[in-house]
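Structural features, examined
Okay, here's what each chain looks like letter by letter:
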Amino acid sequence: MVSDPRRLRALKDIPQQNVRSDLHQHVFPVITALVAYSHKLTKSTQHILLQCLQIGLSGKRCRMCVVALSMAILEMQKVMVRVLPLLIPQLAKVSATISMAVPMLEFMSNLVRIPDLYMNFVEVQFRSVFVTVLPYTDPSKFTPYIVTLAHHILTLWFISCRASM
């Protein structure tokens, strides 16, 4: 429903103006809550949830989607392994703002601590990780805590890179 406009048109008794943005405003909190119940969902449903969260990365609920993806790293590891190679470059496109700093750095910090999730990463994904985290090292834009956390995460990712890269 989040990604398919045909399903959106099939909804009944909804106002026709700003339907998609209004729907996203109400759907993403529900999807975020569903991540915690992943043990009750099938693998295909989990995959659909993650696809919806990926779509949300380009909207107003980006912060909520990154928080949900952080939970998904812990709750849906088998499905996340397949989704991460496409997700990581998308995260690099998210603007490095003060409001996005903590959720994004938490996501990257959680991810680097579970090597099974990124064992199949190639150079492109590792570069995207660095491109995502590097803007948060700007001390003129971010607090000392965020800058220090970003440096710490960069160090962990650098150590995690294979020597052949």
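Described in the following lines is the structure provided in the data block.

1. Digging into the overall build of the protein
Within the protein, the regular secondary structure consists of 9 helices and 0 strands. Sequence-ordered secondary structure for the protein, helices as α and strands as β, is α-α-α-α-α-α-α-α-α. Taking all 165 residues of the protein together, 42% fall into the buried category. The long-range fraction of contacts in the protein, counting pairs at least 24 apart against all pairs at least 6 apart in sequence, stands at 68%. Summed over its atoms, the accessible surface of the protein is roughly 9500 Å², and 60% of this surface lies on carbon and sulfur atoms.

2. Quick word on the side chain of glutamine 46
Along the chain, glutamine 46 falls in helix H3 (residues 43–56). Owing to a relative accessible area of 5%, glutamine 46 belongs among the buried residues under this scheme. Looking at glutamine 46, its side chain comes within polar contact range of the main-chain oxygen of leucine 41, at 3.5 Å. Residues in contact with glutamine 46, not counting those within four places in the same chain, are Ser38, Leu41, Met76 and Val79.

3. Some details on H3
Along an α-helix, a turn takes 3.6 residues, which lines up residues three or four apart on a common side. Taking 1.5 Å of rise per residue, 14 residues should cover 20 Å, and H3 covers 20 Å from first to last C-alpha, within 8% of that figure. Among the residues of H3, Gln46, Leu49, Leu50, Cys52, Leu53, Gln54 and Gly56 are the ones counted as buried.

4. A short note on the side chain of serine 70
Relative to the assigned elements, serine 70 resides in helix H4 (residues 62–75). Exposure remark for serine 70: the relative accessible area of 8% places this residue in the buried category. Excluding its chain neighbours within four sequence positions, the residues that come into contact with serine 70 are Pro103, Glu106, Phe107 and Asn110.

5. Some details on helix H6 (residues 98–112)
Here H6 is 15 residues long and its end C-alpha atoms lie 22 Å apart, about the 21 Å a rise of 1.5 Å per residue gives. Of all the residues in H6, the buried ones are Met100, Ala101, Pro103, Met104, Leu105, Phe107, Met108, Ser109, Leu111 and Val112. Of the surrounding elements, those touching the buried residues of H6 are H4, helix H5 (77–92), helix H7 (115–118), helix H8 (123–133) and helix H9 (144–160).

6. Thoughts on the pattern of salt bridges
Should their charged atoms come close, side chains of opposite charge can pair. What the rule picks out here adds up to 1 salt bridge. In this structure, the salt-bridge partner of arginine 127 is glutamate 123, at a minimum N-O distance of 2.4 Å. With a gap of 4 residues between them, arginine 127 and glutamate 123 both fall in helix H8, about one helical turn apart. Residue arginine 127 is classed as exposed on the basis of its relative accessible area of 54%.

7. Describing the packing of H3 against H4
Look at H3 against H4: their axes get within 8 Å of each other, and the N-to-C directions meet at 145°. The handedness of the crossing between H3 and H4 comes out as left-handed. Here H3 contributes Leu50, Leu53 and Gly56 to the contact with H4, which in turn contributes Cys62, Cys65, Ala68, Leu69 and Ala72.

8. A closer look at the environment of isoleucine 146
By the secondary structure assignment, isoleucine 146 is in helix H9. For the pair isoleucine 146 and valine 102, spaced 44 residues apart in the sequence, the C-alpha separation amounts to 7.2 Å. With residues near it in sequence (within four places) discarded, isoleucine 146 still touches Ala101, Leu105 and Tyr136.

9. Quick notes on the nonpolar core
The biggest cluster of nonpolar side chains holds 51 residues, and the ones touching the most others in it are Met80, Phe107, Tyr136 and Trp157. Tallying contributions element by element places H6 first for this core, with 8 residues.

Cut-offs applied
Residues numbered from 1 in each chain as written. Predicted model: local features only at pLDDT ≥ 70, side-chain atom pairs only at ≥ 80, totals over all residues. Heavy atoms only, no water. Helix = DSSP H or I, 4+ residues; strand = E, 2+ residues; numbered from the N terminus. Buried < 20%, exposed > 50% of the residue type's maximum accessible area, 1.4 Å probe, protein only. Contact = heavy atoms within 4.5 Å. Areas by Shrake-Rupley, 256 points an atom, 1.4 Å probe, with all protein chains shown as cover. Polar contact = N/O pair within 3.5 Å; in protein donor to acceptor, adjacent residues only side chain to side chain. Expected span 1.5 Å × (residues − 1). Salt bridge = Lys/Arg side-chain N within 4 Å of Asp/Glu carboxyl O. Axes fitted to C-alpha atoms, helices over the stretch in contact; angles between N-to-C directions. Left-handed = near helix turned anticlockwise from the far one by under 90°. Core = buried A, V, L, I, M, F, W, Y, C linked by side-chain atoms within 4.5 Å.

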